[in-house]
Amino acid sequence: MIQSVLDAISLGGLYSLAALGLGLVFGVMRLVNFAHAELITIAAYTLVLTTQYPLLVSISFALIVTAFIALLMEFTIYRRLRGVNPAIMLIASFGLSTVLQRLYELMFGALPKSAVVAPFLRGDFKFFGVSITISSVITIVLTITILLLMGYIVEKTSLGLQLRAASADFKTARLLGVRSNRLIGAAFALSGVLATFVALILVIQNPQVSPYYGLNITILSLVGIVIGGIASLRGAAMGGFIVGVVLSALNTLLGNGRVYAYSWLFILVLIILLVRPGGLLSKGSELERV
Amino acid sequence: MALLEVTNLFAGYGKVEVISGISFNLESGKSIGIVGPNGVGKSTLLQAIAGSISTKTGTVTFDGKKITGKKPEDIVRLGLCLVPEGRQIFSGLSVKENLALGLTGRQNKKGAKEIVSKMHDLFPVLSTHENHQAGMLSGGQQQQLAIARALISEPKVLLLDEPSLGLSPTVITDVFDRLKEIINLGTSVVIVEQRANLVTTFAEQTIVIRDGKVQATLTPADAANSDSLQRSYFGAGK
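What counts, and where the lines are drawn
- Residues numbered from 1 in each chain as written.
- Chains lettered and ligands numbered in written order.
- Predicted model: local features only at pLDDT ≥ 70, side-chain atom pairs only at ≥ 80, totals over all residues.
- Heavy atoms only, no water.
- Contact = heavy atoms within 4.5 Å.
- Buried area = accessible area lost by both parts, 1.4 Å probe.
- Salt bridge = Lys/Arg side-chain N within 4 Å of Asp/Glu carboxyl O.
- Helix = DSSP H or I, 4+ residues; strand = E, 2+ residues; numbered from the N terminus.
- Pairing = 2+ DSSP bridges.
- Axes fitted to C-alpha atoms, helices over the stretch in contact; angles between N-to-C directions.
- Buried < 20%, exposed > 50% of the residue type's maximum accessible area, 1.4 Å probe, protein only.
- Patch = residues over 30% accessible without salt bridge, like charges linked within 9 Å, V, L, I, M, F, W, Y side chains within 5 Å.
- Areas by Shrake-Rupley, 256 points an atom, 1.4 Å probe, with all protein chains shown as cover.
- Parallel < 35°, antiparallel > 145°, perpendicular 65-115°, else oblique.
- Nonpolar A, V, L, I, M, F, W, Y, C, P; charged D, E, K, R; others polar.
- Core = buried A, V, L, I, M, F, W, Y, C linked by side-chain atoms within 4.5 Å.

Asks: Is there a simple way to think about the interface of chain A and chain B in this case?
Replies: Interfaces are often described in size by the accessible area the parts lose on coming together. Opposite the 24 residues of chain A that make contact, chain B presents 32 residues. Between chain A and chain B, the buried area comes to about 2,400 Å², and carbon and sulfur atoms account for 57% of it. At the junction of chain A with chain B, the criterion picks out three salt bridges. The salt bridge involving Glu73 of chain B is made with Arg174 of chain A; its shortest N-O contact spans 2.8 Å. Looking at which element gives the most residues to the side of chain A that touches chain B, the answer is helix α6 (residues 158-175) of chain A, with 11 residues.

See the structure below:
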C-alpha cells in the first residue's frame, strides 16, 4: 500500500515536471510543443550513452545537449512562425517531432539503447518492515526539489514575473519592456532543463531508450495541462500531477483490467472538461472585478 | 526639433490600411490629443508609434532617433511608453507585481525603489492595495495602476489610449487631474479619446482623425465652440 502511494506520488511528480516544461513554452508562445517529447528522448539518450562518466557529469552533458536542442528548435523553426495561426504552429511542432524521431533513428538506430543509469538507485529498502524502492523515493525528492526551485523562479524572480505576465498577455508585456526573444529563449531553455530531469527519472526506472521514448509521457502531460488549465503554470503542474496519480492509482486498482487504465483516465478527463472547460484552475485563480 | 515627430505614417492590419499619411509633432513637456469617431485609426496610430504593429510607410522619430520598425520593448527603453486601450493590467498579478513589471522597461536600473515610492505618492490608492490582486481593483484604480506602471519606466512620452473608457465622470476628472500633474512633472503626453470636449480642453493641441487622415487641428479655445467641434469630429454638413 505504502509503495503504491509512493508510486502514485512519484508518477504524479514526474508528469508534473513534464507538464511544466510544456506549460512554460505554451505560456509565452501559445504553442503546444509536441517536439518536447524529443527533448526528453535526446536527454535520455545522452544519459544512457554517457554512463561511463560520473552521474553528475552525465547529467550536465544531458542538460547542455537538451537545452541547446530546445534553443535550436526555437531559433530555427518557432521564431520564424511567431504570430501565425496557432494551428500552423501545432502542425509545425508535429512535423518537427517526426523529423527528430527519424533523425534519432538514423543516429542511434531503431532498437533501444540501454545502460544502467545510477545503479546505486536501483533496488529497495525496508521501512518499518515495508519494502520501498529507492527510485520512487529519489523520484519524489528530486521532483519536489525541482518543483520548489521552479516555484521560486516563477514566483520570486524577475524572469518568473515576466514569464507570468507574458503568459497572460505577451503584447502588453512587450509594451512594458519584456524582451520577447530573450524571454521565449529562457522558456525553451527551462523546458529543456525540465525535460532532462524527466528523462533522468525515466531512465532510472526504464533505461531502454528508443526514438519514441518521450512520446507517451508528453501526450499524457498535455492531457494534464488541459485539465489543469492551459494558461496557467500552476494549473499545468497540478494537472500533470493529477494525471500521474490517477494513472498510477488506476494501474493498481484495476489489477488485470489495467489495460483499460488509459480509457478510464480519458473518461475522467472528459468529465472534468465538461464541468470545467477551461481546466481545474480556470476559475478562482484570477478574480476579476471589472 | 520636436521630441516626437510622426511623418506621413501609413499603418494597418494585413492588407487593410487604417491610417493613411498622418503627421504631427509633439514638443517636450507638451500634450497632444487625438480624437475621432470609432474605427478611424486612433488606437492603430498609437500602436504603430509604440511598435506594437508594423508601419507600411512613413517615419516616427523620437528624441532625434528614427524608431519606425523597432520592437516595442526597445522603444519603451528609449523613453516612449504606451498605456493601451482597456488598461491591460495583469489581473492575476498583484498591484505590486504589476508595478514591478514597469521596471523592466527602465533604461536606468538604479532608483527603482524611489520611482515606485514616487508612484505611490502620485497614486495613493496603489499603496493601499499593494498586495491585492490587480483584477480586484475598480476601473478607475486599474487605470491609475496602468498609468503608474507605464510611468515607472520614466518615459519622456506617455501614449494613452482612451484612459476614460468605462469610468464614471468623477473618476475621469480624477484621472485627468493626475495626468496634469504628470505633464507638470515634465512628461509629454499623447492622449487618444472619444470624448472630444474633454481632451480638447485638456491638451494644448488636438488633432481630429477621420478615415485614417488628420481632418483638423483644434486648440483648447475650440472646446467652447461645440459647432466647430462637431463639424471637425463628424465632417461638414453633420
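Asks: It is not clear to me how the sheet that holds strand β2 (residues 16-26) of chain B should be interpreted in this structure. Could you clarify?
Replies: Two orientations exist for strands paired in a sheet by backbone hydrogen bonds: parallel and antiparallel. All names here are of chain B. The strand order across the open sheet formed by four strands is β2-β1-β4-β5, and the pairing between neighbours is antiparallel. Here the strands that pair on one side only, and so sit at the sheet edges, are β2 and β5 (65-66). In this sheet, β2 lies alongside strand β1 (residues 4-13) in antiparallel orientation, the contact comprising eight bridges. Residue pairing for β2: Phe10 is matched across the bridge by Ser20. With respect to the sheet, helix α1 (residues 42-50) is in contact with β1, β2 and β4 (55-62), its orientation differing from that of β1 by roughly 115°.

Asks: What's the story with the pattern of salt bridges in this structure? I'm lost.
Replies: Think of it this way: side chains of opposite charge can pair up when their charged atoms draw near. Taken as a whole and judged by the stated rule, the model has 12 salt bridges over all chains. For the salt bridge of Glu155 of chain A with Arg164 of chain A, the shortest nitrogen-to-oxygen distance reads 3.6 Å. On the accessibility criterion, Arg164 of chain A (15% relative accessible area) is buried. A salt bridge links Glu154 of chain B to Arg106 of chain B, with the shortest nitrogen-to-oxygen separation between them at 2.7 Å. Residue Glu154 of chain B is found in the loop between α6 (139-151) and β7 (157-161), and its partner Arg106 of chain B is found in the loop between α3 (95-102) and α4 (112-122); the two are separated by 48 residues along the sequence. With a relative accessible area of 42%, Glu154 of chain B lands in the partly exposed category. You can call Arg106 of chain B buried: its relative accessible area is 4%.

Asks: Explain a nonpolar patch on the surface to me, please; I cannot follow it from the model alone.
Replies: Taken together, Val259, Tyr260, Trp264, Ile267, Ile271, Leu274 and Val275 of chain A make up a surface patch of nonpolar side chains, about 810 Å² in accessible area. The exposure class assigned to Tyr260 of chain A is exposed, which follows from its relative accessible area of 53%.

Asks: I tried to follow the packing of helix α1 (residues 2-29) of chain A against helix α8 (residues 215-228) of chain A on my own but got confused; where do I start?
Replies: The packing of two helices is summarised by the inter-axis angle and the distance between the axes. All names here are of chain A. One can describe the packing of α1 onto α8 by two numbers: an axis separation of 8 Å at closest approach and a directional angle of 75°. Classed by the angle they form, the pair α1 and α8 counts as roughly perpendicular. On α8, the residues that touch Leu14, Tyr15, Ala18, Ala19, Leu22 and Gly23 of α1 are Ile217, Thr218, Leu220, Ser221, Leu222 and Ile225. Partitioned by chemical class, the residues of the contact of α1 with α8 number nine nonpolar, three polar and no charged.

Asks: Is there a simple way to think about the nonpolar core in this case?
Replies: Among soluble globular proteins, nonpolar side chains are generally buried collectively. Grouped together as the largest cluster of nonpolar side chains are 79 residues, with contacts concentrated most on Val28 and Met150 of chain A. Element by element, the count of residues in this core is highest for helix α7 (residues 180-205) of chain A, at 15 residues. Here Val28 of chain A is in contact with Leu163, Ala166, Ser167, Phe170, Leu183, Ile184 and Ala187 of chain A, once residues within four sequence places are set aside. In this structure, Ile89, Leu122, Ala134 and Leu179 of chain B belong to the second largest nonpolar core, which totals 43 residues.

Asks: Any chance you could explain the sheet that holds strand β9 (residues 205-210) of chain B here in plain terms?
Replies: All names here are of chain B. Read from one edge to the other, the open sheet built from six strands follows the order β6-β7-β8-β3-β9-β10, with strand pairing classed as mixed. With one partner strand each, in any of the chains shown, β6 (80-83) and β10 (213-218) form the two edges of the open sheet. When strand polarity is set aside, the average angle formed by the axes of neighbouring strands in this sheet is 20°. The pairing of strand β3 (residues 31-35) with strand β8 (residues 188-193) spans five bridges and is classified as parallel. For Ile34, the partnering residue across the bridge sits in β8 and is Val192. Across the sheet, α1 lies against β3, β6, β7, β8 and β9, angled at about 150° from β7, the strand it touches most. Contacts from helix α7 (residues 169-184) reach β3, β7 and β8 within the one sheet, and its direction differs from that of β8 by about 155°.

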